[in-house]
Amino acid sequence: MKVIFVIIIFGIGSFLVNDDLKESMQRGKKLYNVYCMACHMTNGDGMAGAFPPLAGSDYLMEDKKRSIKQILYGYSGPMVVNGITYNGNMDPFESLEDQQIADILNYIRNSWGNSSKIITAKQVKAERK
Ligand code: HEC
């Protein structure tokens, strides 16, 4: 009996987590289309030689904290994404709210074949200077 109870609670819990991620991604998609799509493109493919891809990006998926910081504060200088070096400049988005940055990251880290755990507003806040 106890076991069944635990399974039910666990089942409900994981449903809630998935719903949180789905809702965050839906908000993130709208924000992405406003703030990021011009360079990284609708399908996250970027543009060869200029804007690195987010779809299937080893660089993006490798380090969650680094991605949070780069979106908050921008980045310039060389970076290697899927074996190709980019040396451009990305603007900061620190004026967005913690939840908005989390939503955008949840969208790009779980779209176009990417898959990862949810990022929370609290985790974004922890990376602010
Ligand atoms: C004006 C063009 C432009 C816009 C708009 C832009 N980026 Fe970028 N982004 C770049 C460039 C250029 C780089 C590479 C910077 C470098 O070479 O140092 C980059 C790098 C990145 C990277 C790390 C590399 C990778 O491909 O994994 C991520 C993640 C990223 N951008 C996400 C975003 C998100 C999220 C937004 C919207 C909030 C955004 N970018 C808006 C141009 C842009």
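Below, the structure is looked at part by part. Please read these numbers as outputs of a predicted model, since none were measured by experiment.

Once that is clear, we can look at the environment of V80. Note on placement: V80 falls in strand β2 (residues 79–81). Along the chain, V80 and K69 lie 11 residues apart, while their C-alpha atoms are 17 Å from each other.

In globular proteins that are soluble, nonpolar side chains generally tend to be buried together. By size, the foremost hydrophobic cluster in this structure holds 15 residues, and its most contacted members are I101, I104, L105 and I108. Elements with a minimum of two residues in this core: α1 (2–35), α4 (64–73) and α5 (98–108). If we skip the residues at most four places from it in the chain, L105 touches S67, I68, I71 and I119.

Before going further, it helps to spend a moment on the environment of G88. Tracing the chain through its elements places G88 in the loop between β3 (84–86) and β4 (89–90). On the basis of neighbour count, G88 is assigned to the partly exposed category, with 14 C-beta atoms found within 10 Å. With 38 residues separating them along the chain, G88 and A50 place their C-alpha atoms 6.9 Å apart.

Here we come to the site of the ligand. Not every one of the 28 residues close to the ligand is listed here, only the nearest: C36, C39, P52, L60 and G88. Listed by contribution, the elements that provide at least two residues to the shell around the ligand are α2 (37–40), α3 (58–62), α4, β1 (75–76), β2, β4 and α5. Grouping the amino acids of the shell around the ligand by side-chain chemistry returns 19 nonpolar, 9 polar and no charged.

The next subject is unusual backbone geometry. Where the residue is not glycine, phi is negative for most of them; where a peptide bond is considered, it is trans in most cases. Non-glycine residue M41 carries a positive phi angle of around 70°. Mapped onto the elements of the fold, M41 is located in the loop between α2 and α3. The backbone of W112 shows a phi angle near 55°, a positive value even though the residue is not glycine. The residue W112 is located in the loop between α5 and α6 (121–126) in this model. Since 17 C-beta atoms lie within 10 Å of it, W112 is described here as partly exposed.

Along α4, the positions that sit buried rather than exposed are S67, I68 and I71. The arc enclosing the buried residues of α4, seen along the axis, measures out at 100°, which places them on a common side. The inward-facing, buried residues of α4 abut α3, α5 and α6. Among the residues trailing α4, G74 stands out with phi positive, at a value near 75°.

On to α5, then. In terms of residue burial, α5 counts as a mostly covered element, since 8 of its 11 residues are buried. Among the residues of α5, I101, A102, D103, I104, L105, N106, Y107 and I108 are the ones counted as buried.

With that settled, consider the packing of α4 against α5. Between α4 and α5, whose axes approach to 11 Å, the crossing angle comes to 125°. With respect to α5, the element α4 is oriented oblique. Relative to α5, the crossing made by α4 is right-handed. Residues S67, I68, I71 and L72 of α4 pack against I101, I104 and L105 of α5.

Cut-off values and rules
- Residues numbered from 1 in each chain as written.
- Predicted model: local features only at pLDDT ≥ 70, side-chain atom pairs only at ≥ 80, totals over all residues.
- Helix = DSSP H or I, 4+ residues; strand = E, 2+ residues; numbered from the N terminus.
- Core = buried A, V, L, I, M, F, W, Y, C linked by C-beta atoms within 7 Å.
- Buried ≥ 20, exposed ≤ 12 C-beta atoms within 10 Å, placed from the backbone.
- Contact = placed C-beta atoms within 7 Å.
- Near = placed C-beta within 6 Å.
- Nonpolar A, V, L, I, M, F, W, Y, C, P; charged D, E, K, R; others polar.
- Arc of directions from axis to C-beta.
- Axes fitted to C-alpha atoms, helices over the stretch in contact; angles between N-to-C directions.
- Parallel < 35°, antiparallel > 145°, perpendicular 65-115°, else oblique.
- Left-handed = near helix turned anticlockwise from the far one by under 90°.

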